[in-house]
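Examining the three-dimensional arrangement
Residues per chain, in single letters:
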Amino acid sequence: MCETCKTDAPELIRRRQLLGFASVLTAGAVFGVAPLRAMADECAPFLADAQAATTPDQAIALLADGNARFAAGASLKCDLLAEMTATAEKQTPFACVLACIDSRSAPELVFDQQVGDVFVARVAGNLPTTEILGSFEYATKVAGAKAIVVLGHTHCGAVKGAVDRADVGANLTVLLDEIEPAVLATPLEGERSSKNHHFVEAVAETNVRFAVAALTEKSPVLKAMADAGAIKVVGALYDIETGKVTFLG
Ligand SMILES: [Zn+2]
């Protein structure tokens, strides 16, 4: 049992979750989106009632709140085994994150989320591949997640490779070619080189915006849900030097 967890009994956690979110529903009407989970036990597993009561905006707010904790060095210390037990029968995460494989940008850490909170897909350059589109169609349409965040990051090796036109092997080259449209669409000031820091970060942002657009352009399922307000699809950039995530407008 961890210091900040108030129980090590899954049954009690489930009960607290129900009681906690009943009060949060009332509080949410008064205070808006931010207090959704803050007023409940932040270590409580995210169960079906919580998911059903969460709006797409609130799902984004939960991630933003988690990143604020992470960047402040105040990440939660929850009982992961208790959460594992509580979510073993069924998972009901509130959001999906598409991130790069970069070892410094793990979404569960960056957004300070726990077992059962988020679906995560990772591929170098956070590209929305067909498999990832299908994964997120499942995560939202079938499993009920309310938001999708495409998380790019600063100092991205995949973006740098695309900028430099790195050619180290057939499959990697194919992957980097997928980032090429973002390279070409980004205004270039100075040389096209990974040493051009400003350009690399600008391409990373363009790449995220392209991925956000592709999620609904290439998936009629996600587009229909987004148009109906059932989900929200947004981009964000993680600064590996500050720990802070900036959501793109
Ligand atoms: Zn990267």
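Use the structure listed above.
Read on for an overview of the structure. (Residues numbered from 1 in each chain as written. Predicted model: local features only at pLDDT ≥ 70, side-chain atom pairs only at ≥ 80, totals over all residues. Heavy atoms only, no water.)

The subject of this paragraph is the environment of threonine 54. Here threonine 54 shows up in the loop between helix 3 (48-52) and helix 4 (56-71). Taking the C-alpha atoms as reference points, threonine 54 and alanine 145, 91 residues apart in sequence, are found 9.2 Å from one another. A polar atom in the side chain of threonine 54 sits 2.6 Å from the backbone oxygen of alanine 50. (Helix = DSSP H or I, 4+ residues; strand = E, 2+ residues; numbered from the N terminus. Polar contact = N/O pair within 3.5 Å; in protein donor to acceptor, adjacent residues only side chain to side chain.)

Scanning all chains against the criterion turns up 1 disulfide. Each sulfur of the disulfide joining cysteine 43 and cysteine 78 lies 2.1 Å from the other. Looking along the S-S bond of the cysteine 43-cysteine 78 disulfide, the torsion reads about -80 degrees, which is the left-handed sense. Taken together, the residues cysteine 43 in the loop between helix 2 (35-38) and helix 3 and cysteine 78 in the loop between helix 4 and helix 5 (80-87) connect sequence positions 35 residues apart. Summarising the burial analysis for this pair, cysteine 43 and cysteine 78 share the class buried. (Disulfide = S-S within 2.5 Å. Buried < 20%, exposed > 50% of the residue type's maximum accessible area, 1.4 Å probe, protein only.)

On to a nonpolar patch on the surface, then. A cluster of nonpolar side chains, contributed by Leu80, Leu81, Met84 and Val115, occupies part of the molecular surface with about 360 Å² of accessible area. You can see leucine 81 is positioned in helix 5. Leucine 81 gets classed as exposed once you look at its relative accessible area, which sits at 59%. (Patch = residues over 30% accessible without salt bridge, like charges linked within 9 Å, V, L, I, M, F, W, Y side chains within 5 Å. Areas by Shrake-Rupley, 256 points an atom, 1.4 Å probe, with all protein chains shown as cover. Salt bridge = Lys/Arg side-chain N within 4 Å of Asp/Glu carboxyl O.)

With that settled, the discussion passes to the layout of surface pockets. Considered as a void within the structure, the largest pocket measures approximately 280 Å³ in volume. What lines the largest pocket is a set of 13 residues, and nearest its centre among them are Leu127, Pro128, Glu178, Ala214 and Lys218. Breaking the lining of the largest pocket down by element, the ones donating at least two residues are helix 7 (130-142), helix 10 (180-185) and helix 11 (197-217). When residues of the lining of the largest pocket are assigned to their parent elements, the largest contribution, 4 residues, is made by helix 11. Looking at side-chain class alone, the lining of the largest pocket contains 7 nonpolar, 3 polar and 3 charged residues. (1 Å grid on protein atoms, 1.4 Å probe; cavity = no way out; pocket = protein on both sides within 12 Å on 5 of 7 lines; lining within 4 Å. Points joined across faces, edges and corners; volume = space filled by probe spheres on them. Nonpolar A, V, L, I, M, F, W, Y, C, P; charged D, E, K, R; others polar.)

The strands making up a sheet associate through backbone hydrogen bonding, with each pair oriented either parallel or antiparallel. Ordered in space as 2-1-3-4-5, the 5 strands form an open sheet in which the pairing is mixed. Edge positions in the open sheet fall to strand 2 (118-122) and strand 5 (245-247), since each of these has one partner strand only. Within the sheet, the average angular offset between the axes of one strand and its neighbour, ignoring direction, is 25 degrees. Here helix 4 sits on the sheet and contacts strand 1 (95-99), strand 2, strand 3 (147-153), strand 4 (232-238) and strand 5; the angle it forms with strand 3, its principal contact strand, is near 35 degrees. Lying over the sheet, helix 7 contacts strand 1, strand 2 and strand 3, oriented at roughly 165 degrees with respect to strand 1. (Pairing = 2+ DSSP bridges. Axes fitted to C-alpha atoms, helices over the stretch in contact; angles between N-to-C directions. Contact = heavy atoms within 4.5 Å.)

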